[in-house]
Amino acid sequence: MTTDHANQFVCDLVAYEPGKPIEETARELGLDPKEIVKLASNENPLGPSPLAQKAIAEAASTAHIYPDGGGFKLRSAIAEKYDLDIKNTVLGNGSNEIIELLCHSFLNPDAELVAAEHAFVVYKLMATLFGAKYVAVPDPGFVHDLDGMLNAITDKTRLVFIANPNNPTGTIVSEAAIDAFMAKVPEHVIVVFDEAYFEFLDDAPDTLKYIREGKNVCVLRTFSKAQGLAALRIGYGLASEPLANILNKARQPFNANAIAQAGALAAINDTSHINATVENNRIGLELFHSEFEKRNLEYVPSVANFVLVKVKEGDRVFKEMLAKGVIVRAMSGYKLPDWIRVSVGTPTENARFLEVLDEVL
Ligand SMILES: Cc1ncc(COP(=O)(O)O)c(C=O)c1O
């Protein structure tokens, strides 16, 4: 067989299962796509940044030209926003690609990656893809246990991932806890702060200070969430210059496409869209928390744009809600078969979710 010589650790990989697409659901159920509410992928319910939409349309007229492989304009804007140097930045095909670049650069079958038990699943997929050992540290109450993660570090540990806030739990660790962790973490380890939901935080821990201090830290951010550009696949890493250099070597020459670069450049300072998104999210989170309480449903209080809620039979609830045109995320892939994760939508979508949840429960 031609596949006989495929790396076993790649064959063993359980592929990432994304939120079910609206079009696919409509096709399978014979529904009108417009009737379907998708609250399954932590997307922006207000849509893309309007400034980005205009820039994307304009960029389409030069789609025959290769992108700026160095991403000069966008990387400069990112550097300026955070008072860093362009040399501290790397663009990715979504922040997922930066996770892959980190693993590509630092993992091998003799290396280890440390993360929390219910951390974002892509860390495990990527560790597996590079044949490394994935070390999952228990996270009591669904909060990263940074002391436990410190204790799990060995001479072979190359990467520690701290998703802050984490997906699918929506929990966060404080700046004080991070500072205490950083004071003890050994020099040979790279600490990755995955901050995909950073814009939704009221009082975000400052992790960029570690980059300014030249520590072995990479901060991941994305245009997929608050800026509403998930379809463009554009995210970025911020790191000390030597680390950013390595990641820039590991990427494909044109990994961030020109349309995405143009959209992201317009979106980065679209504060009115970001503010509206954050306010919509605040209202939606409050609603979900209080409505789950009213129904006596256990949930994990979230600071991100989604909530994990215990519904007993997660797969059944997911399937029955799907049949009624509401897509949420079943959590058995995270070994949480009793739970579903729901993303915050518009007020109308949130109301529809609660209505259908009641029908199904
Ligand atoms: C914690 C976390 N990190 C990274 C990502 C990847 O986002 P993207 O590749 O769209 O930038 C996600 C997406 O859901 C996420 O939840």
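So, a few notes on the structure that sits alongside this text. (Residues numbered from 1 in each chain as written. Predicted model: local features only at pLDDT ≥ 70, side-chain atom pairs only at ≥ 80, totals over all residues. Heavy atoms only, no water.)

## Digging into the pairing of strand β13 (residues 339-343)
A large share of β13 lies buried, amounting to five of its five residues. Here β13 shows no split at all, with Trp 339, Arg 341 and Ser 343 on one side and Ile 340 and Val 342 on the other all buried. Looking at chain direction, strand β12 (residues 329-330) and β13 are connected through two bridges and run antiparallel. Bridge assignment links Ala 330 to a residue of β13, and that residue is Ile 340. (Buried < 20%, exposed > 50% of the residue type's maximum accessible area, 1.4 Å probe, protein only. Helix = DSSP H or I, 4+ residues; strand = E, 2+ residues; numbered from the N terminus. Pairing = 2+ DSSP bridges.)

## Comments concerning the packing of helix α12 (residues 271-294) against helix α14 (residues 347-360)
For the pair α12 and α14, interaxial distance at closest approach is 10 Å and the crossing angle is 15°. Relative to α14, α12 is oriented roughly parallel. α14 is crossed by α12, and the crossing has right-handed handedness. Of α14, the residues touching α12 (which contributes Asn 280, Gly 284, Leu 287, Phe 288, Glu 291 and Phe 292) are Pro 347, Asn 350, Phe 353, Leu 354 and Leu 357. (Axes fitted to C-alpha atoms, helices over the stretch in contact; angles between N-to-C directions. Parallel < 35°, antiparallel > 145°, perpendicular 65-115°, else oblique. Left-handed = near helix turned anticlockwise from the far one by under 90°. Contact = heavy atoms within 4.5 Å.)

## Side note on the site of the ligand
Looking at the ligand, the residues that line it are Gly 94, Ser 95, Asn 96, Phe 120, Asn 167, Asp 194, Ala 196, Tyr 197, Thr 222, Ser 224, Lys 225 and Arg 233. Thr 222 is positioned with one of its side-chain polar atoms (N or O) 2.5 Å from an oxygen atom of the ligand. Here an oxygen atom of the ligand sits 2.6 Å away from a polar atom, N or O, in the side chain of Ser 224. Relative to its unbound accessible surface of 390 Å², the ligand loses 94% to contact with the protein. (Near = heavy atom within 4 Å. Polar contact = N/O pair within 3.5 Å; in protein donor to acceptor, adjacent residues only side chain to side chain. Areas by Shrake-Rupley, 256 points an atom, 1.4 Å probe, with all protein chains shown as cover.)

In short, the description is geometric, and any link to function would need to be established separately.
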